[in-house]
Amino acid sequence: MSIEKTLALALQQSLRELYNIDIPADAGLIQPTRKEFEGDLTIVVFPYVKLARKAPDMVAKEIGDKLCASVDFISGYNVVKGYLNLSIADSFWNEQLHAHFRDTAYGQAERLEEAPILIEYSSPNTNKPLHLGHIRNNLLGHSVSQILIACGHPVVQVNLVNDRGIHICKSMVAWLRYGNGETPESSGMKGDHLVGKYYVVFDQHYKEEQKELIEKGLSEDEAAQQASIMLEAREMLRKWEAGDETVRKLWQQMNQWVYAGFDATYNRLGIRFDKTYYESETYLLGKALVQEGLDKGVFYRHEDGSVRVNLTDEGLDEKVLLRKDGTSVYMTQDLGTAQLRYGEFQPQKMIYVVGNEQNYHFDVLKLVLGKKLEKEFGNSIYHLSYGMVELPSGKMKSREGTVVDADDLMDDMVQEAKNGTEALGKFDFPEDEAAALYEMIGLGALKYFILKVDPTKNILFNPAESIDFNGNTAPFIQYTHARIRSLLRKADGQEIDINGPIAENCELGTEEKQLIKTLYRYPQVVLAAGDNYSPALIANYIYDLAKQFNHFYQETPIFKEEDAAKRQLRLQISQWTATTIRNGMKLLGIDVPDKM
RNA sequence: GGUUCCGUAGCUCAACUGGAUAGAGCAGCUGCCUUCUAAGCAGCAGGUUCUGCGUUCGAGUCGCAGCGGAAUCACCA
């Protein structure tokens, strides 16, 4: 049982005995003591003073006495203005150290026997390469998956590729018209970039043509509708839906190029999916659900023939679920894929990692499935809604070329890592090792930069300023880890057996105790990160830990320490710290080096 | 216009879900490499937490109003 839980129960007991007050066992307000006060854990007694009808300090004192007597690891207490600061005995912290410092899986909860959590993320369109916004999505999805696994949950990671639709047809038309048979091989371009290039080409010609038509006297709307290149794209989509062989073949060819490109990017990011869905295979799903809603009378057929749902009672609007020509809209297939997945995995929860621009869509999806169709799985849908990545100039727009390309950015970061390393004069690496290190540092810096921010908030990225490598960054944390590994190598070289006989109840210095307290907290941070779907909690914790370690490292000699027990203690704390950093960073999808 | 979200140091972000004197990094200024890796450590400076009213023993956090910004309100996805 955790120390907080033990204390909460003891507090509940004390309040009952002292004042006949009943509080829930988990309601005790217990927090780490602020460092400017003496003590380790603090109980705020204000909530009880009214019921106890005594002064705050008196209540704190009485509870303090009671807890001292009933909990053996409390070694003392002090009271400051209604705050009861409890001191925990060194022996308790020593026990924690000895119990965990060797555990390479520290922070991994026992696997729960339960239904899996399904998480969908990435979900790219196949008409353009990934940009920084997609990177945030991918990193979040991957990291939250790792965190949930660390919390003990079985997790199924899925991707839903949007491989069909008018946007892909645009690339296809432009490639046919202007491509001269260009391929990734012939051009040396990554496949997703090549297809993205023709998406832009389409837009350029489309705009030119519109301009010409407007000069001939057409209205803007008419020009947008009648431009020949757009008519061609529409015809292409119609043929695709009719199963036209030539169109399907070209479509497959160009999508294959894109997938090869995506795979390379996913690999570099360290991302893998358990299952990939393709919209070309799922876009017809959901029509049965729409019919079911009609039969139940919760949907209705509008006079123009479309099927709609009225959500005005819920504070939302009317929503079209099926076009008047009977074809699907986005919502239709999302209804269908939710049902499909539920049937396949019986997940306890379905998480969708999708930007907050789609909040409305998911509100509707949940309401329609849960409340209107009364599907149990509708209520298990959770929209992990994250903020946009913005540039100083505003939102990124693919067609206007104001996007930060994912592959380019990764290249830049790795180059930056190389420059930085060389500027610091660290050259003692073989070439292949150095390349791997730059990759680790560069991508680490990028991933951490994104993940340390609360997912719900927007991120501002300024391409003119490179991402930092100092301070609250991955390289700082990676460096701290490398330092510790260096210490441990040195211990090994001196044939000091860290795991050997353990000094019982070593007296703890301030820095040592502080580190143990922080390390002890890690599993709770992982659980909190899981509850809140927030890698940022892990990132901020690991930074705090690394910072504390560097302080300790500076203040406290290890190999110069003559007392063997103390040296042993410090090495054990160091090892526990290294493991926790490694495991925590792993949850962010970031690797840490042994040397840097 | 309706709905939702956001507003904390010059900049980028924290603040354990209502608790003690709001903390970090970057940028600026000072020190520390014959000593376990200076991508580090220590220090200085920087705040009316957008404004006002309210609830509370206690508000950056909750409520109301205003100001400013973003998203959304498609038979696009």
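Residues numbered from 1 in each chain as written. Chains lettered and ligands numbered in written order. Predicted model: local features only at pLDDT ≥ 70, side-chain atom pairs only at ≥ 80, totals over all residues. Heavy atoms only, no water.

Peer 1: Honestly, the domain arrangement of chain A in this entry has me stumped. Any pointers?
Peer 2: Assigned domains within chain A: domain 1 (3-88), domain 2 (165-255) and domain 3 (406-587). Centre-to-centre separation of domain 1 and domain 3, based on C-alpha positions: 35 Å. Contact with domain 1, which involves five residues of that partner, is made by four residues of domain 3. It is Ile3, Glu4 and Asp40 that lose the most area in domain 1 upon contact with domain 3, and together they represent 76% of the buried surface on that side. If you look at where domain 1 meets domain 3, you find two salt bridges. Lys517 is the salt-bridge partner of Asp40, the closest N and O atoms lying 2.9 Å from each other. (Domains from an automatic or database assignment. Contact = heavy atoms within 4.5 Å. Buried area = accessible area lost by both parts, 1.4 Å probe. Salt bridge = Lys/Arg side-chain N within 4 Å of Asp/Glu carboxyl O.)

Peer 1: What is the right way to look at the sheet that holds strand S15 (residues 459-460) in this model?
Peer 2: Each strand in a sheet pairs with another by means of backbone hydrogen bonds, the pair being arranged parallel or else antiparallel. Strand order in the open sheet made by the three strands is S14-S13-S15, with mixed pairing throughout. At either end of the open sheet lies a strand with only one pairing partner, and these are strand S14 (394-395) and S15. Two strands pair when backbone bridges link them, and strand S13 (residues 389-391) and S15 are joined in this way by two bridges, in the parallel orientation. By the bridge assignment for S15, Val389 is matched with Ile459. (Pairing = 2+ DSSP bridges. Helix = DSSP H or I, 4+ residues; strand = E, 2+ residues; numbered from the N terminus.)

Peer 1: Would you take a moment to explain helix H18 (residues 474-493) for this structure?
Peer 2: Residues separated by three or four positions in an α-helix point in the same direction, a consequence of the helix having 3.6 residues per turn. With 20 residues, H18 should cover 28 Å at 1.5 Å per step; its first-to-last C-alpha distance of 28 Å lies within 8% of that length. Burial in H18 covers these residues: Ala474, Pro475, Phe476, Ile477, Gln478, Thr480, His481, Ala482, Ile484, Leu487, Leu488 and Ala491. Residues of H18 that are buried make contact with helix H17 (431-451), helix H20 (535-555) and helix H21 (564-587). Its side-chain oxygen placed 3.3 Å from the backbone nitrogen of Phe476, Thr473 serves as the N-cap of H18. (Expected span 1.5 Å × (residues − 1). Buried < 20%, exposed > 50% of the residue type's maximum accessible area, 1.4 Å probe, protein only. Polar contact = N/O pair within 3.5 Å; in protein donor to acceptor, adjacent residues only side chain to side chain.)

Peer 1: Sorry, what's going on with unusual backbone geometry here?
Peer 2: For residues besides glycine, phi is generally negative; the peptide bonds are generally trans as well. Of note in this structure, Arg53 is not a glycine but carries a positive phi near 55°. A residue is classified by how much of its surface remains accessible, and Arg53, at 76% relative accessible area, is exposed. A positive phi is found at Lys81, a non-glycine position, where the angle reads about 45°.

Peer 1: Could you clarify how one ought to interpret the pairing of strand S9 (residues 307-310) in this entry?
Peer 2: The side chains of a regular strand alternate between both faces of the sheet. Inspection of the sheet shows strand S8 (residues 300-301) paired to S9 by two bridges, in the antiparallel sense. When the sheet's bridge partners are listed, Tyr300 is paired in S9 with Arg308. Joining the antiparallel neighbours S8 and S9 is a turn of five residues, in which Gly305 adopts a positive phi near 105°. Pairing of S9 with strand S10 (residues 318-322), which is carried by four bridges, proceeds in the antiparallel orientation.

Peer 1: Quick question: what am I supposed to make of helix H8 (residues 191-215) here?
Peer 2: Helix length check: H8, at 25 residues, gives a terminal C-alpha distance of 37 Å against a target of 36 Å (1.5 Å per residue), a fit within 8%. Following H8 by one or two positions, Gly217 adopts a phi angle in the positive range, close to 110°.

Peer 1: It is not clear to me how the packing of aromatic side chains should be interpreted in this structure. Could you clarify?
Peer 2: How two aromatic rings sit relative to each other is given by the distance of their centres and the angle of their planes. In this structure the tally under the stated criterion is 23 aromatic pairs. Between the aromatic rings of Phe549 and Tyr553, the centroid separation amounts to 6.2 Å while the plane-to-plane angle is 40°, which identifies the pairing as tilted. Taken together, the residues Phe549 and Tyr553, both in helix H20 and four residues apart, mark about one turn of the helix. The partly exposed category is assigned to Tyr553, whose relative accessible area is 29%. Pairwise contacts between aromatic rings join Phe73, Phe92, Trp93 and Tyr520 into one cluster. Over the aromatic face of Trp251 sits the side chain of Arg248, whose NZ or CZ is 5.6 Å from the ring centroid. (Phe/Tyr/Trp six-rings, centres within 6.5 Å; stacked < 30°, edge-to-face > 60°. Lys NZ or Arg CZ within 6 Å of the ring centre and 35° of its normal.)

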